[in-house]
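Survey of secondary and tertiary structure
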Amino acid sequence: SYHYALARFTEGMMAGALVVSDMPAADYFHKKLGQFVARLDASDSDGDLVDKINWWVGHDKEAEQKALGGRRAAVEFFTQEHYAERLLTAILMNL
């Protein structure tokens, strides 16, 4: 199955890495971090995947800007404290 958010996205972003992947379908993730993912699609051909990756490799400044934006957004919205707050909110809403 594709399009689900994994911790590797936020962990990579928090480490300052450019995340190159398909886009998780989770709305909250998409709204907060979507613009900082160098997007691939599972339906892309092998050649398209190579072309997309090579574009990012050849455009250091754009890759660094996207990675920096991802780091800032991940730290702002996806720390363990944020996860705990969202969990408690969901629990309280279902009592």
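Residues take numbers from 1 onward in each chain, read along the sequence in its written order. With the structure being a predicted model, the display of local features is reserved for residues of pLDDT at least 70 and the display and counting of side-chain atom pairs for 80 or more, all residues being used for whole-chain, interface and lining totals. The basis for every side-chain value is the complete set of non-hydrogen atoms in the structure, without hydrogens or water.

Considerations on the nonpolar core
What counts is decided by this rule: For this analysis, a nonpolar core means a set of buried residues of the types Ala, Val, Leu, Ile, Met, Phe, Trp, Tyr and Cys, connected via side-chain atoms within 4.5 Å. Working definition: with a 1.4 Å probe on protein chains only, accessible area under 20% of the residue-type maximum means buried, over 50% means exposed, and in between means partly exposed. Helix and strand definitions here come from DSSP, where helices need a minimum of 4 consecutive H or I residues and strands a minimum of 2 consecutive E residues; each element is numbered from the N-terminal end. Whether two residues are in contact is decided by their heavy atoms, any of which lying within 4.5 Å being enough.
Listed in full, the 11 residues of the largest apolar core are Phe9, Met13, Val19, Met23, Phe29, Leu33, Phe36, Val37, Ala73, Ala74 and Phe78. Elements represented by at least two residues in this core include exactly helix 1 (7-14), helix 2 (27-33) and helix 4 (60-77). Setting aside its immediate chain neighbours within four residues, Met13 contacts Val19, Leu33, Phe36, Val37, Gly70, Arg71 and Ala74.

What about the environment of Thr79?
Rule in force here: Here a polar contact is taken to be a pair of N or O atoms separated by no more than 3.5 Å, where protein atoms must pair a possible hydrogen donor with a possible acceptor and residues adjacent in sequence count only if both atoms sit in side chains.
Mapped onto the elements of the fold, Thr79 is located in the loop between helix 4 and helix 5 (80-93). Note: C-alpha distance between Thr79 and Ile53 (26 residues apart in sequence) is 28 Å. The residues touching Thr79, leaving out its near neighbours within four places in the chain, are Met14 and Ala74. At 2.6 Å, the side chain of Thr79 and the side chain of His82 are in polar contact.

Here we look at the packing of aromatic side chains
Quick reminder of the rule: The rule is short: rings of Phe, Tyr and Trp, with Trp giving its six-membered ring, pair when the centres are within 6.5 Å, and they are stacked under 30 degrees, edge-to-face over 60, tilted in between.
Following the criterion strictly, the structure yields five aromatic pairs and no others. Measuring from centroid to centroid gives 5.2 Å for Phe9 and Phe29, while their planes differ by 70°, and the two rings are edge-to-face. Of the two residues, Phe9 sits in helix 1 while Phe29 sits in helix 2, which places them 20 residues apart along the sequence. Summarising the aromatic geometry, the rings of Trp55 and Trp56 are spaced 4.8 Å apart at their centres and angled 85° between planes, so their arrangement reads as edge-to-face. Through a chain of ring-to-ring contacts, the aromatic side chains of Phe9, Tyr28, Phe29, Phe78 and Tyr83 assemble into a single cluster.

Some points on the packing of helix 3 (residues 46-58) against helix 4
Test applied: Angles run from 0 to 180 degrees between N-to-C directions of axes, and those axes are lines fitted to C-alpha atoms, restricted for helices to the stretch in contact. Any angle from 65 to 115 degrees is called roughly perpendicular, while one under 35 is roughly parallel, one over 145 is roughly antiparallel, and all others are oblique. Only Asp, Glu, Lys and Arg are considered charged in this grouping, and only Ala, Val, Leu, Ile, Met, Phe, Trp, Tyr, Cys and Pro are considered nonpolar; every other residue, Gly among them, is considered polar.
Viewed as axis vectors pointing N to C, helix 3 and helix 4 meet at an angle of 95°, and their least axial separation amounts to 5 Å. The angle between the axes of helix 3 and helix 4 places the two elements in the roughly perpendicular class. Residues Trp55, Trp56, Val57 and Gly58 of helix 3 pack against Asp60, Glu62, Ala63 and Lys66 of helix 4. Its residues assigned to classes, the contact of helix 3 with helix 4 shows four nonpolar, one polar and three charged.

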